[in-house]
Amino acid sequence: MATIVSVMRTEKKYSITWNQQSALYHGLSLTMKTDENSDAGGYLVRSLYFDSIYDNDYFDKIDGLEFRKKIRLRIYSPDQDTVKLELKQKQGAAQNKKSLIITRDLAKEMIAGRYIGLMELHSQLAEEFYQMLETGVYRPKCIVDYHRIAFAEDSNDIRITFDSEIAASHNCEGFFRKDLSLLPVRKEPVLEVKYNGFLLSNIKRMLDIADVPEIAVSKYIMSRQLLGA
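The notes below deal with the structure included here. Bear in mind the structure is a predicted one, so any value in this text is a computation, not a measurement. (Residues numbered from 1 in each chain as written. Predicted model: local features only at pLDDT ≥ 70, side-chain atom pairs only at ≥ 80, totals over all residues. Heavy atoms only, no water.)

1. Some thoughts on the layout of surface pockets
The condition that has to hold: Using only the protein atoms, space was sampled on a 1 Å grid; points where a 1.4 Å probe fits but cannot get out form cavities, open sets with protein on both sides within 12 Å along at least five of seven lines form pockets, and lining residues are those with an atom within 4 Å of a point. Grid points are joined across faces, edges and corners, and a volume is the space filled by probe spheres set on the points. When residue character is reported, Ala, Val, Leu, Ile, Met, Phe, Trp, Tyr, Cys and Pro are called nonpolar, Asp, Glu, Lys and Arg charged, and the others, Gly included, polar. Helix and strand assignments follow DSSP, with helices taken as H or I runs no shorter than four residues and strands as E runs no shorter than two, numbered in order from the N terminus.
Space inside the largest pocket adds up to approximately 610 Å³. Lining the largest pocket are 32 residues; nearest its centre among them are R9, Y76, K84, K97 and R159. Partitioned by chemical class, the residues of the lining of the largest pocket number 10 nonpolar, two polar and 20 charged. Here the second largest pocket is characterised by a volume of approximately 250 Å³. Lining the second largest pocket are 17 residues; nearest its centre among them are K13, K61, R68, K90 and V217. For the lining of the second largest pocket, the elements supplying multiple residues, two or more each, are β1 (3-15), α2 (56-62), β4 (67-75), β5 (82-91) and β11 (214-215). For the lining of the second largest pocket, the per-class residue count stands at four nonpolar, two polar and 11 charged.

Structural data, given as structure tokens:
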């Protein structure tokens with residue numbers, strides 16, 4: 001049986017400079033811990049996005065629809081034996097993310113456009129993924145790769161991340177390659193703030209110091225546009 005994770009929370013994104021990241025990193029490191037995947041130097045995040053035959057998820061985001069979704073595979077190292085299969089559904093700033101931990105072999109089958117292995121997991125979420133992928137004629141569209149530094153606070157499940165050196169590839173079959181060729185999308189950091197309920201006041205004050213406007217940035221959209229959609 002695959003491991004299932006479901007998370008509902010608020011997510012906000014900001015475009016920041018390297019100097020703003022440095023100042024925020026210093027302040028946050030005094031009150032928050034790095035998350036379980038991270039250390040002071042950060043870590044790799046690599047995602048492979050699927051979309052329908054008509055690119056519905058891409059255009060839902062472009063058109064600014066209130067309700068939208070993304071389906072992706074995610075790893076933190078090309079050597080991983082397991083992979084996260086994620087469904088990210090958003091309504092404005094609120095998001096619901098459901099995850100299945102699947103095998104590397106099943107992920108390879110999905111990258112090849114074969115989804116029947118999901119039905120062999122005998123889970124409701126796996127069947128939900130299967131129905132969406134098959135009925136929408138979903139296929140792999142692009143890989144998005146970036147460097148992440150992440151802080152975590154148990155209260156209200158707060159996570160603050162700095163994502164930089166964002167790059168992309170059309171070579172979806174190379175998802176597990178260490179030498180995957182990537183095109184640069186954006187070098188400067190994107191700040192993401194995620195939490196349940198409300199943001200703790202001491203953390204909110206530190207973020208307010210940066211004084212940057214919220215943006216509707218999407219790594220998937222930026223990458224598809226760079227690659228020619």
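2. With respect to the nonpolar core
Cut-off, in case you're wondering: The nonpolar core is taken to be a set of buried Ala, Val, Leu, Ile, Met, Phe, Trp, Tyr and Cys residues, with the residues joined through side-chain atoms within 4.5 Å. Accessibility here uses a 1.4 Å probe with only protein chains present; expressed as a share of the type maximum, an area under 20% marks a residue as buried, one over 50% as exposed, and anything in between as partly exposed. Residue contacts follow a heavy-atom distance rule, with two residues in contact if any of their heavy atoms lie within 4.5 Å.
In terms of nonpolar packing, the biggest core is built from 29 residues, with L73, I102, M110, L118 and F129 touching the most fellow members. For this core, the leading source of residues is helix α4 (residues 124-135), giving six residues. Residues within four places of L73 in sequence aside, it is in contact with R46, S47, L48, F50, V83, K84, L85, I102, A107, M110, I111 and F175. Listed in part, the 18 residues of the second largest apolar core include I16, L24, F151 and I203.

3. Describing the packing of aromatic side chains
The description of two aromatic rings rests on the distance between their centres and on the angle between their planes. Operational definition: Each Phe, Tyr or Trp ring, with Trp reduced to its six-membered ring, pairs with another whose centre is within 6.5 Å; inter-plane angles below 30 degrees give stacked pairs, above 60 give edge-to-face pairs, and intermediate values give tilted ones.
Applying the stated rule across the entire model yields eight aromatic pairs. For the pair Y43 and Y76, a centre-to-centre distance of 5.8 Å together with 65° between the ring planes defines the contact as edge-to-face. Taken together, the residues Y43 in strand β3 (residues 43-51) and Y76 in the loop between β4 and β5 connect sequence positions 33 residues apart. With 5.1 Å between their ring centres and 70° between their planes, F175 and F176 make a pair best called edge-to-face.

4. As for the pattern of salt bridges
Pairs may arise between side chains of opposite charge once their charged atoms sit close together. Put simply, the test is: Salt-bridge detection follows one rule: a side-chain nitrogen of Lys or Arg within 4 Å of a carboxyl oxygen of Asp or Glu.
Inspection of every chain in the model, using the stated rule, returns 22 salt bridges. Within this structure, E11, K13, K88, K90, R148, D163, E192, K194 and K219 form a network of salt bridges that share partners.

5. Description of the pairing of β4
Under the convention used in this document: Two strands pair under a simple rule: DSSP has to find at least two bridges between them.
Counting buried positions along β4 gives seven out of nine residues, so the element sits mostly inside the fold. Where β4 meets β5, eight bridges bridge the pair, whose relative direction is antiparallel. Counted as the bridge partner of K70 is K88 from β5. The antiparallel hairpin formed by β4 and β5 contains six residues in its connecting segment.

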